[in-house]
Amino acid sequence: MSKVYITTAIPYVNGQPHIGHAMDYCLADVCVRYNRLIGNEVRLQAGTDEHGGKIFKKAEELGKPVEQYVSENAKKFQDFIHSLGVEYTDFVRTTDAEHQKRCQEIWKRLESHIYKAKYEGWYCTGCERFVTDKEVEENHGVCPDHQKPYEQLSEENYYFRISDFKEQIVRSIELGEMLVLPDFRKKEVLKLLDESPDVSVSRSVEQLTWGVPVPGDESQVMYVWIDALSNYLTVLGYPETSIDDWWPAQAQFVGKDILRFHAIIWPAMLIGLGLPLPRHLVSHGMVLANGQKMSKSIGNVVDPMEVLNRHGIDGFRYYFLRHIDTFADSDFTWEKFDEAYNNELANDLGNLVQRLATLASKNNFELGEAFEPVIPQEYKELMDSFEYSKAMDYVWEKLQGLNRKIDEEKPWSLAKDGKKEELDKCLKSLICELLNANYLLSPFLPNATEKVSAVFANPITPPEIPLFPKQ
Ligand code: MSP
């Protein structure tokens, strides 16, 4: 048994959770449950990113004290995570006093790589990112992701000497010590690293007060990304608590839009602290709505609660883990969501359970000895390489194959002809195959698979209401 640490990106709390935020949680949760299945002890971190100009401005706009605003929204994210059936073991809010204190310790330990200089350039508050002149020119002065003009900054702040770490980061990525997934993102990251200058890591309090104070310099607060990235360590109690049992993380889940921070600044911080890099940096694609990026200005942001209410937690997890590709951008539409629920969850799985349980119970069939699950090599390889949507495809093919097998073997004819021994053999093989598929599905659909297991416990009892009523 190994100890395994898994992390999720901590969302900004300048708005409500949306369906895109669910990706980190759902993927990480599959990783957690799979690791537990194979016998590992797991810690899952989650949290909220509560500092920075974007959040401060939003609270001001709403006329709310910023502390109250972030607390209200942090709570919404916690509720949201629970409503997805995701159970974190550790939660961090970046405004927690403990986090801030630890973050300052981290800063102090990096001080030999930090220097003060004048920053004269651009910033996007939407991205919370310092932007190069080249990018400003290419985007004609407007951030394409936030549709807002870049702000010109001219202030004295602290810089982090990325150049001290570049070679080592490149080597670790190339050697796969920190595996950047999917592979095509690795090339992007190496290119970005090559071009990456030293990064500004603080803001003047004249511009922004809502941040962790730089230790020993009251005129500056830390750049929100230094504060945010530190969460992965501070939540474990670093630096005053030993984290050797848990660090390096087995997998860190992030969206492709924030991979650059996790592949440049983050490894530089870790190397500076003398810590190993995470084993896997897994970057997922974006959830689009009707083929478009979700945005408040377009008005196409999908409310996750509406999605959850439509087909429940299993419907939600099924769609986002199978039909939203693990690595590529994928579309959410209500039509596709309904289709997947009705044709796949309700038909392929729900009907299969109903058919087999009814046959078994009508013919007084019981499984007898305990069923022993097996993890097939192909599934294991997909899971170990974080190809979660493909692993679900693999299991789904098994379920569809089972539906075909029932039609071919016609157990009801065996029953009619009184061939009890043959019938029992046939049902046993079909039910064991179903239970194995159900076991392999358990990291994805914990609720549904528990219900299926209950149906086939002694005595086998067909569900009175279908597991997934058609809608
Ligand atoms: N606060 C930073 C993360 C700091 S981690 C040390 C941030 N917050 S965010 O709220 O903008 O995004 C949080 C996570 O949600 C990121 O992994 C991001 O990629 C993901 N997503 C936000 N919108 C998304 C989609 N539309 N689709 C998929 N994931 C998306 O970045």
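Computed from a predicted model, the values in this text were never measured in an experiment. (Residues numbered from 1 in each chain as written. Predicted model: local features only at pLDDT ≥ 70, side-chain atom pairs only at ≥ 80, totals over all residues. Heavy atoms only, no water.)

*Asks:* Please clarify how the packing of aromatic side chains should be interpreted in this entry.
*Replies:* Two aromatic rings are characterised by how far apart their centres lie and by the angle between their planes. Enumeration over the complete set of coordinates arrives at 26 aromatic pairs. Both rings, one in Phe316 and one in Phe320, keep their centres 4.4 Å apart while their planes meet at 25°; by these two values the pair is stacked. A residue pair is termed a helical-turn pair when its members lie 3 or 4 positions apart in one helix, as Phe316 and Phe320 do in helix H10 (residues 304–323) at four residues. Exposure remark for Phe320: the relative accessible area of 0% places this residue in the buried category. Taken together, a centroid distance of 4.8 Å and an interplanar angle of 50° make the contact between Tyr318 and Trp396 tilted. With Tyr318 in helix H10 and Trp396 in helix H13 (residues 388–409), this residue pair connects regions lying 78 residues apart in the sequence. The residues Tyr318 and Trp396 share a single accessibility class, namely buried. These aromatic residues form a ring-pair network of at least three members: Phe316, Tyr319, Phe320, Phe332, Trp334 and Phe337. In this structure, Arg203 is placed above the aromatic ring of Tyr123, and the distance from its NZ or CZ to the ring centre is 4.8 Å. (Phe/Tyr/Trp six-rings, centres within 6.5 Å; stacked < 30°, edge-to-face > 60°. Helix = DSSP H or I, 4+ residues; strand = E, 2+ residues; numbered from the N terminus. Buried < 20%, exposed > 50% of the residue type's maximum accessible area, 1.4 Å probe, protein only. Lys NZ or Arg CZ within 6 Å of the ring centre and 35° of its normal.)

*Asks:* I keep staring at the sheet that holds strand E18 (residues 330–332) and nothing clicks. Help me out?
*Replies:* What holds strands together in a sheet is hydrogen bonding between their backbones, with the strands either parallel or antiparallel. Within the open sheet, the three strands sit side by side as E17-E16-E18. Their pairing is mixed. Looking at strand neighbours, the two that pair on one side only are strand E17 (292–293) and E18, the edges of this open sheet. Strand direction decides the pairing type here: strand E16 (residues 287–289) and E18, joined by three bridges, are parallel. Along E18, the bridge assignment pairs Leu288 with Asp331. (Pairing = 2+ DSSP bridges.)

*Asks:* What should I look at first to understand the pairing of strand E14 (residues 251–255) in this one?
*Replies:* One face of the sheet, then the other: side chains in a regular strand alternate in exactly this way. In terms of residue burial, E14 counts as a mostly covered element, since five of its five residues are buried. Burial along E14 is two-sided: Ala251, Phe253 and Gly255 facing one way and Gln252 and Val254 facing the other are all buried. Bridge count for strand E1 (residues 3–8) against E14 is three bridges, and the pairing is parallel. Looking across to E14, one finds that Thr7 is bridged to Gln252. Sheet topology note: the E14/strand E15 (residues 280–284) ladder contains four bridges and is parallel. Pairing of Gly255 across the sheet is with His284, part of E15. Read from E14 through helix H9 (residues 259–272) to E15, the crossover connection turns out right-handed. (Right-handed = clockwise from strand over helix to strand, strands pointing away.)

*Asks:* Can you help me understand unusual backbone geometry in this one?
*Replies:* When glycine is set aside, most residues are seen to have a negative phi, and most peptide bonds are trans. Of note, the bond from Leu181 into Pro182 is cis; its omega dihedral lies within 30 degrees of zero at -5°. With respect to the helices and strands, the residue Pro182 is situated in the loop between strand E9 (179–181) and helix H7 (183–195). Looking along the chain, the bond that leaves Asn458 and enters Pro459 is cis, with omega of -15°. Within the secondary structure, Pro459 sits in the segment after helix H16 (446–455). Despite not being glycine, Glu128 shows a phi value in the positive range, around 50°. By relative accessible area, which is 2% here, Glu128 ends up buried.

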